[in-house]
Every structure is written in C-alpha cells, then in structure tokens.
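These are the residues of each chain, in order.
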Amino acid sequence: MGGYARYVWPCYALSALVIGLNILWARRSLRLAQLDARRRMAALATAVAS
Amino acid sequence: MAWVWFHRFGSPPHFYRLARRLVPWFAWPALLLCLAGLIGGLGLAPPDYQQGDGFRIIYVHAPAAWLSLMVYVVMATSAAVGLIWRMNVAHAVAASCAPIGASFTALALITGMLWGRPMWGTYWEWDPRLTSELILLFLYLGYMGLRNAIDDVPRADRASAVLAIVGVVNVPIIHYSVIWWNSLHQAPSVMKFGRPTMPASMLLPLLCMLLGFSLYFVALLLTRARGEVLRRERNARWIAAALEES
C-alpha cells in the first residue's frame, strides 16, 4: 500500500464492520418484532379460547 | 394510476409483503457490485500520481458520504409524506432511515479523518465540508433522540418529521460547501456537471461501490421498515396471515 496501509486498511475494516453490524441490527430488529407479534397473537388466541 | 400505486404502497400489509419480496433483488446485486468495486479499487486501479495508494480510501469514504446524504433525503421525504398524507408506513420508513444514516455519516467522518492525516497532516480541520457533515451526524442523533424521548408514537412521528424536514437544508450546504467556501476538501470529481475528472480505471470501481452501497441501503431499509411496521400495527388483523407467510 505504498506506506499508507495503516490508514487504508482500518478504513476498509471499519466499513466492513459498519456494513455487517447494520445487517445484524436490521435482521435482529425484524426478528424481535416478529417474535413479539407471534407472542401477542398466541396470547390473543388463548384469551379467545378460554 | 400513479396515486393508486402510491396509496397501495402506503398500506402496511401490502408494504410488509412487498418489502419481503424486494429485499433479495437489492441485496444480491449490492453484494456483487461491492465485490466488483473492491476488486477494481484495491487491485486494478493504478495508484494516484499525488496521493499514491492512500487514494484507495475513496472507495469506502465516498460511498459512505454519498449514503449519509441520500439517506437523509429519503428520511426527510418520507417524514414529509407521513406528515402530509398521515401515512404510517412513511413514518416507519423515516424512523428506519435514521440509524442507518447516522452509522454511515460516522463512517464517512472517520474514513475522511484517516484520509486527512496523511494528505493534510491532520485528522480534523474545522473545514466547511467536515463541519457540515458533523452537523448532519448531530441531526441524525437529534432525530433519534427526539423519537425516543416521546412515548406517544403519533406525536413522536410529527415532532421528528418537522426536525427531519428542517434539517434537509443542510444537505445542499454539505454538497456545495467545497464550491461556496474556501475548503481544504477537494472539489466534486464525480457528482458534478460535465465530465468527471477521474480516469475510467479509477472511476468505474467507484461507481460500482456507489451503486452497491445504494442498493445495500434499500435492502437494509426495507428489512428495518418491515420490523417497524409490525411494531406499529400491533393489533391489526393482517399480521397473523403475514406472519404465517414468512
């Protein structure tokens, strides 16, 4: 990297981290919302049945 | 016809299902474009005659900076649509934009600092471009803080939408700051009228990265917005059927 490796590689590593974390956060946020919705639906079904 | 499409897109069940189908159509091309951009930027593009290999930071810095602006425009537009048409999905999209925009604004600032150290001799300068980009980060953080501070969702939507719309004035300031004021930051070399000032061997990987990051953002936004729509439509009837499909 012609003497610039200590600046270039951290930029790429940080970018990979931000991209990866954003994917994880987005999927986690969706999964939690789906879990919460499923739990509510199950609770509602139990309430109706009883 | 256009209005029918617009209102259908604003329907939460339609949006939830459509977003699920659309995500792979944006995610896979984004991955391929970013891989092509990385190969071109790190392996094929020649070193810059002044900056040497240090210029390769541009292949992550410029797309991050581009996303920081694009996400804000999408957020402010969605907020305005939500405010004017009282569209819940639009508010969900705006709320989903903020953390993505904040993370890419921070990335643009940090990669810019890492580029600035060898090129300018300093990590930070109170330059118009850098300062206005930092203000953009504060706008994102302020937007998220305001949303979290108000428990009532419709009130939080309205208040944060006003902040997002007012803050959009910062976007042209960031873009034109290097033209309007004396700036250390280089003038636009891609997003300007006329021909770009970069050779094709450097420009093509950059365009791949810019497009790849943009598609990645859409895939990410759709995923986040689906979760946000689910949380907002707590007791809606369509949720049971939609959950069974996924």
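Residue positions within a chain follow its written sequence, with the count starting from 1. Just so you know, chain letters begin at A and ligand numbers begin at 1, following the order they were written in. For this predicted model, a pLDDT threshold of at least 70 governs which residues receive local features, and a threshold of 80 or more governs which side-chain atom pairs are given and counted, while totals over whole chains, interfaces and linings are taken from all residues.

(A) Broad picture of the overall build of chain A. Counting from the N terminus, the helices are the DSSP runs of H or I reaching at least four residues and the strands are the DSSP runs of E reaching at least two. Scanning chain A from terminus to terminus reveals one helix and zero strands. Our radius of gyration looks at C-alpha atoms and nothing else; its globule reference is 2.2 Å times the residue count to the power 0.38. Here the C-alpha radius of gyration of chain A, 22 Å, is well above what a compact globule of 50 residues would show, namely 10 Å. Dimensions along the principal axes, computed over C-alpha positions, put chain A at roughly 75 × 10 × 5 Å. When each of the 50 residues of chain A is scored for burial, the buried share is 24%. Once C-beta atoms are placed from the backbone, each residue is buried if 20 or more other C-beta atoms lie within 10 Å of its own, exposed if 12 or fewer, and partly exposed for counts between those two.

(B) Seen up close, the overall build of chain B. Summing up its helical and strand segments, chain B has nine helices and zero strands in all. Counting from the amino terminus, helix and strand elements in chain B follow one another as α-α-α-α-α-α-α-α-α. Expected size for 246 residues packed as a compact globule is a radius of gyration near 18 Å; at 20 Å, chain B falls within 12% of this value. Principal axes of the C-alpha set define a box for chain B whose edges measure 60 × 35 × 30 Å.

(C) A look at the interface of chain A and chain B. By the convention adopted here, residues make contact when the C-beta atoms placed from their backbones lie within 7 Å. Of the residues lining the interface, 24 residues belong to chain A; the matching set on chain B comes to 32 residues. Under the grouping applied here, Gly and all other residues not named as nonpolar or charged are polar, the nonpolar ones being Ala, Val, Leu, Ile, Met, Phe, Trp, Tyr, Cys and Pro and the charged ones Asp, Glu, Lys and Arg. Looking at the side of chain A that touches chain B, its residues break down into 16 nonpolar, five polar and three charged.

(D) Spotlight on the confidence of the model for chain B. Known as pLDDT, the predictor's confidence for each residue is given on a scale from 0 to 100. Model confidence for chain B is summarised by a mean pLDDT of 90, while 95% of its residues fall at 70 or above. Two numbers describe this predicted complex: its pTM, 0.92, and its ipTM, 0.91.

(E) Geometry of the environment of B:Val168. Residues and elements named next belong to chain B. Relative to the assigned elements, valine 168 resides in the loop between α6 (153-167) and α7 (170-180). Valine 168 sits 94 residues away from valine 74 along the chain, and the two C-alpha atoms are 10.0 Å apart. Once residues lying within four places of it in the same chain are set aside, the contact partners of valine 168 are Tyr72, Val73 and Ala76.

(F) Spotlight on the packing of helix α5 (residues 128-149) of chain B against α7(B). Residues and elements named next belong to chain B. Fitting a line to C-alpha atoms yields each axis, with helices limited to the stretch in contact; the angle taken between N-to-C directions then spans 0 to 180 degrees. It is the contact of α5 with α7, at a shortest axis distance of 8 Å, that shows an interaxial angle of 160°. By the angle between their axes, α5 is roughly antiparallel relative to α7. Crossing of α5 over α7 shows left-handed handedness. Across the interface between the two elements, Pro128, Arg129, Ser132, Glu133, Ile135, Leu136 and Leu139 of α5 pack against Asn170, Ile173, Ile174, Ser177 and Val178 of α7. Classifying every residue of the contact of α5 with α7 gives seven nonpolar, three polar and two charged. When describing relative orientation, an angle under 35 degrees is termed roughly parallel and one over 145 degrees roughly antiparallel, while 65 to 115 degrees is termed roughly perpendicular and anything else oblique. Whether a crossing is left-handed or right-handed is set by the direction in which the near helix is turned from the far one by less than a right angle, anticlockwise for left-handed and clockwise for right-handed.

(G) Fine view of the nonpolar core. As used throughout, a nonpolar core is a set of buried Ala, Val, Leu, Ile, Met, Phe, Trp, Tyr and Cys residues joined through C-beta atoms within 7 Å of each other. One finds B:Ile57, B:Val71, B:Met75, B:Ala94 and B:Cys97 to be the most contacted residues of the largest nonpolar core, which totals 76 residues. Dropping the residues within four chain positions of it, B:Val71 is found in contact with B:Cys97, B:Ile100, B:Gly101, B:Phe104 and B:Phe217.

(H) Up close: the packing of helix α3 (residues 58-85) of chain B against helix α8 (residues 200-232) of chain B. All names here are of chain B. Close contact between α3 and α8 brings their axes to 9 Å; oriented N to C, the two are set at 40°. The orientation of α3 with respect to α8, classified from their angle, is oblique. Crossing of α3 against α8: the hand is right-handed. Residues Ile58, Tyr59, Ala62, Pro63, Trp66, Leu67, Met70 and Val71 of α3 form the contact with α8, whose participating residues are Pro205, Leu206, Met209, Leu210, Phe213, Ser214 and Phe217. Considering only residue class, the contact of α3 with α8 consists of 14 nonpolar, one polar and no charged.

(I) Structural view of unusual backbone geometry. The backbone of B:Arg86 sits at a positive phi, close to 50°, despite the residue not being glycine. Along the chain, B:Arg86 falls in the loop between α3 and α4 (88-120).

(J) Highlighting α3(B). Any helix carries an expected span of 1.5 Å times its number of residues minus one. For α3(B), built from 28 residues, the straight-helix expectation of 40 Å at 1.5 Å per residue is met to within 8% by its first-to-last C-alpha distance of 39 Å. Residue B:Arg86 follows α3(B) closely and has a positive phi angle near 50°.

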